[in-house]
Amino acid sequence: MKRVGTTGLVMEEPILFERSVKGRRGVSPVAHDVPKADMSALIPKRFLRSGSVSDGRFDSAVLPEISELDVVRHYTRLSQWNFGLETGFYPLGSCTMKYNPKVNEDIARLDGFTTLHPYLDESLAQGALQLMYELEKDLAEITGMDAVTLQPSAGAQGELTGLLMVAKCLRDRGESRSKILIPDTAHGTNPASSHLAGFKVVKIESGEDGCLTLESIKEAMDSDVAALMLTNPNTLGLFEHDIVEIASIVHDRGGFVFCDGANMNALMGLVRLGDLGVDVVQLNLHKTFSTPHGGGGPGSGPVAVKGGLAKYLPVPRIKKEETDGNDIYSFEYGSADSIGRLKAFYGNFAIMVRAYGYIRRCGPEGLRRVSEIAILNANYIKESLKPTFDLAHDDKPCMHEAVFSDSGLKELGVTTMDVAKRLIDYGVHPPTVYFPLVVNGAMMIEPTETESKTELDSFISAMEAIAEEAKQNPEKLLNAPTATKISRVDETRAAREPKLVWRP
Ligand SMILES: *Cc1c(COP(=O)(O)O)cnc(C)c1O
């Protein structure tokens, strides 16, 4: 039998069904004193469905019978099983798992924001409209683009939005281009969004140094290519050094340049993508701009575009007009060229509030500092670990993340997965592993700007200790994690044979 409760910090938690005891109740409502209605007085009996809750028709539903306290303890304990940013270091590359200042949570919870109804008359929601209008302007400034929509609710939906706009623009030009060029280091959402938008994907191989080459783009760029979809910095954590020349090749042959802006944490205040020839970029407010993420929570993926694409942005747009010296904000629905709506109402508003608070609090200098320290921290990790683990690319400075391969591990009989699992024993969330796909056994480490040198040093010494164990005592890795409630799980089986139904 599973032991219930806590032993030190090790807890066992049976599912609620396993705790069920016949007849036990969470709440005991007072017996109702309303006489039973005779439905046949309203609806002729022959039309009435037979059976009802009270005659036991639903008795076959198996529900756990437990007390209120059982339920409270169950969920409280489960909540303590979570590992999050507020528990420890979380260097999950490509995800920008950084600490989000609590003040932005407070701001997002202000009554004036939380009690707003989306159908409220515009005249009564001027503050919210102004916030969205100004956030659009801020994001346009940060990216160097001309116009922004806040509507998409994730990075991936932002990608789809941008590609639908490209498709509409091409249709208006009377062109039927069918391909999107995507580098082999791309995030999986890039090809997925391209397919959803009706395009075919052409994979472009990165060059020796991990960046795109002019040659490969020249070769692939023909009159059937709608856009190049690249990520900058790319998912090896490297700045695409030829991006300007690459953009002009794409433009010369009538294509668009889409930049996946999920890595904006490395560029704020340093580089404006719009200055590099990018036509459309999505941002992930839940990565860069102060919304906690992971676990599939709400996101926000604004899209910023250059002027030529602005008329295709989703509706409604937010408009500012001056009347008698006052700024009046309103929604504008009537753009004939718009690709339409991507999401109910106006997007995930509370995330916009956090992003606005964050941008205003940091200011231009602060945002630049965020990116500088994110880059500094990643390089500190890269320099400190490169004697111990093999870098995934030439030894040159990285941007916001450092990527290592498993090439030094193989001869020791351990894998990237073993290192990742052993890190859990050291109290660290593993980095992103086996991505990007072009690196064998990739370990992609993104420390972000919010970690102190002390924290980075303790991570580095954990990695060094694990490398030493791999040589001296590889079973430590092969059996890891051992300090957790549940040790190594069979991940394939967990995905192939999920246990979704409990049978007594
Ligand atoms: C996270 C991420 C995405 C997708 O963003 P979601 O908000 O998760 O949809 C796309 N590209 C890159 C490089 C990312 O890191």
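Everything here concerns the structure above.
Residues numbered from 1 in each chain as written. Predicted model: local features only at pLDDT ≥ 70, side-chain atom pairs only at ≥ 80, totals over all residues. Heavy atoms only, no water.

(A) Region of interest: helix H5 (residues 155–172). Taking 1.5 Å per residue as the helical rise, H5 with its 18 residues ought to reach 26 Å, and the 26 Å between its terminal C-alpha atoms agrees with that figure. Among the 18 residues in H5, 14 count as buried, and that is most of the element. Gly174 lies just past H5 and shows a positive phi near 75°. (Helix = DSSP H or I, 4+ residues; strand = E, 2+ residues; numbered from the N terminus. Expected span 1.5 Å × (residues − 1). Buried < 20%, exposed > 50% of the residue type's maximum accessible area, 1.4 Å probe, protein only.)

(B) Representation of a nonpolar patch on the surface within the structure. The grouping of Met39, Leu42, Ile43, Phe47 and Leu48 at the surface amounts to a nonpolar patch, some 480 Å² of accessible area in total. In this structure, Ile43 sits in the loop between strand E2 (10–12) and helix H1 (68–81). Among the residues examined, Ile43 registers a relative accessible area of 34% and is labelled partly exposed. (Patch = residues over 30% accessible without salt bridge, like charges linked within 9 Å, V, L, I, M, F, W, Y side chains within 5 Å. Areas by Shrake-Rupley, 256 points an atom, 1.4 Å probe, with all protein chains shown as cover. Salt bridge = Lys/Arg side-chain N within 4 Å of Asp/Glu carboxyl O.)

(C) Representation of the site of the ligand. Looking at the ligand, the residues that line it are Ser94, Ala154, Gly155, Ala156, Glu159, His187, Thr189, Asp260, Ala262, Asn284, His286 and Lys287. In the environment of the ligand, an oxygen atom lies 2.7 Å from a nitrogen or oxygen atom belonging to the side chain of His286. Calculation on the ligand without its partners gives an accessible area of 380 Å², and the protein chains cover 87% of this total. Broken down by secondary-structure element, the contributors of at least two residues to the shell around the ligand are H5 and helix H9 (285–288). (Near = heavy atom within 4 Å. Polar contact = N/O pair within 3.5 Å; in protein donor to acceptor, adjacent residues only side chain to side chain.)

(D) Molecular detail of the pattern of salt bridges. This structure, assessed with the given rule, holds 33 salt bridges. Arg177 is paired through a salt bridge with Glu175; the nearest N and O atoms lie 2.5 Å apart. Under the relative-accessibility criterion, Arg177 is labelled buried at 12%. Residue Glu175 is classed as partly exposed on the basis of its relative accessible area, which comes to 25%. Beyond isolated ion pairs, a larger network of salt bridges with shared partners links Lys382, Glu383, Lys386 and Asp395.

(E) Expanded view of empty space enclosed by the protein. Applying the stated criterion across every chain yields a total of one cavity of 30 Å³ or more. Taken as a whole, the largest cavity encloses approximately 70 Å³ of empty space. Around the largest cavity, the lining residues are Met132, Glu136, Thr149, Leu150, Gln151, Pro316, Arg317, Ile318, Phe331, Phe345 and Tyr346. Secondary-structure elements contributing two or more residues to the lining of the largest cavity are helix H4 (126–143) and strand E10 (317–323). (1 Å grid on protein atoms, 1.4 Å probe; cavity = no way out; pocket = protein on both sides within 12 Å on 5 of 7 lines; lining within 4 Å. Points joined across faces, edges and corners; volume = space filled by probe spheres on them.)

(F) Highlighting the side chain of Glu240. Topologically, Glu240 is positioned in the loop between strand E6 (225–231) and helix H8 (243–252). For the buried Glu240, which has no salt bridge, the nearest side chain bearing the opposite charge is Lys396, at an N-O separation of 8.5 Å. Those residues within four positions of Glu240 in sequence are excluded, and the remaining contacts are Gly210, Cys211, Leu212, Leu230, Thr231, Asn232 and Asn234. (Lys, Arg positive; Asp, Glu negative; His and termini not counted. Contact = heavy atoms within 4.5 Å.)

(G) Inspection of the packing of H5 against helix H6 (residues 189–196) at higher detail. Between H5 and H6, the shortest axis-to-axis distance is 9 Å and the interhelical angle comes to 45°. Classified by the interaxial angle, the pair formed by H5 and H6 is oblique. For H5 against H6, the interelement crossing comes out right-handed. In contact with Ala156, Glu159, Leu160 and Leu163 of H5, H6 contributes Thr189, Asn190, Ser193, Ser194 and Leu196. Of the residues in the contact of H5 with H6, the class split is four nonpolar, four polar and one charged. (Axes fitted to C-alpha atoms, helices over the stretch in contact; angles between N-to-C directions. Parallel < 35°, antiparallel > 145°, perpendicular 65-115°, else oblique. Left-handed = near helix turned anticlockwise from the far one by under 90°. Nonpolar A, V, L, I, M, F, W, Y, C, P; charged D, E, K, R; others polar.)

(H) Spatial organisation of unusual backbone geometry. Put simply, Asn232 and Pro233 share a cis peptide bond, and its omega is -10°. Structurally, the position occupied by Pro233 is in the loop between E6 and H8. In the segment running from Phe435 into Pro436, the intervening peptide bond is cis, with an omega of 0°. Along the chain, the position of Pro436 falls in the loop between strand E14 (432–433) and strand E15 (443–445). Positive phi outside glycine occurs at Asp324, with the angle close to 50°. Structurally, Asp324 can be placed in the loop between E10 and strand E11 (326–332). Positive phi, close to 55°, is recorded for Phe345, a residue that is not glycine. Mapped onto the fold, Phe345 is located in the loop between E11 and helix H10 (349–385). We classify Phe345 as partly exposed; its relative accessible area is 28%.

(I) Local environment of the nonpolar core. Formed by 58 residues in total, the largest nonpolar core has its most connected members in Leu135, Leu139, Ile142, Ile217, Leu273, Val278 and Phe289. Elements represented by at least two residues in this core include exactly H4, helix H7 (214–220), E6, H8, strand E7 (256–260), E11 and H10. At eleven residues, the largest contribution of residues to this core is made by H10. Looking at which domains feed residues into this core, each of domain 2 (144–362) and domain 3 (365–494) gives three or more. The residues touching Val278, leaving out its near neighbours within four places in the chain, are Met145, Ile243, Val257, Cys259, Leu273 and Lys306. (Core = buried A, V, L, I, M, F, W, Y, C linked by side-chain atoms within 4.5 Å. Domains from an automatic or database assignment.)

(J) Examining the sheet that holds strand E4 (residues 179–183) more closely. The seven strands lie next to each other as E3-E9-E8-E7-E6-E4-E5, forming an open sheet whose pairing is mixed. Of all the strands in the sheet, just strand E3 (147–149) and strand E5 (200–204) have a single pairing partner and so form its edges. The average angle at which neighbouring strand axes cross in this sheet is 20°, direction not considered. As paired strands, strand E8 (residues 280–282) and strand E9 (residues 303–305) are joined by three bridges and run antiparallel to one another. Residue pairing for E9: Val281 is matched across the bridge by Ala304. The sheet contacts of H6 involve E4, E5, E6 and E7, and relative to E4 the element is tilted by about 175°. (Pairing = 2+ DSSP bridges.)

(K) Here's a closer look at the sheet that holds E15. Reading across from one edge, E12-E13-E15-E14 is the order of the four strands in this open sheet, with antiparallel pairing throughout. Every interior strand has two partners, whereas the edge strands, strand E12 (390–391) and E14, have only one. Of the strand pairs in this sheet, strand E13 (residues 402–405) and E15 are connected by three bridges, and their pairing is antiparallel. Its bridge partner being in E15, Phe404 is matched across the sheet by Met443.

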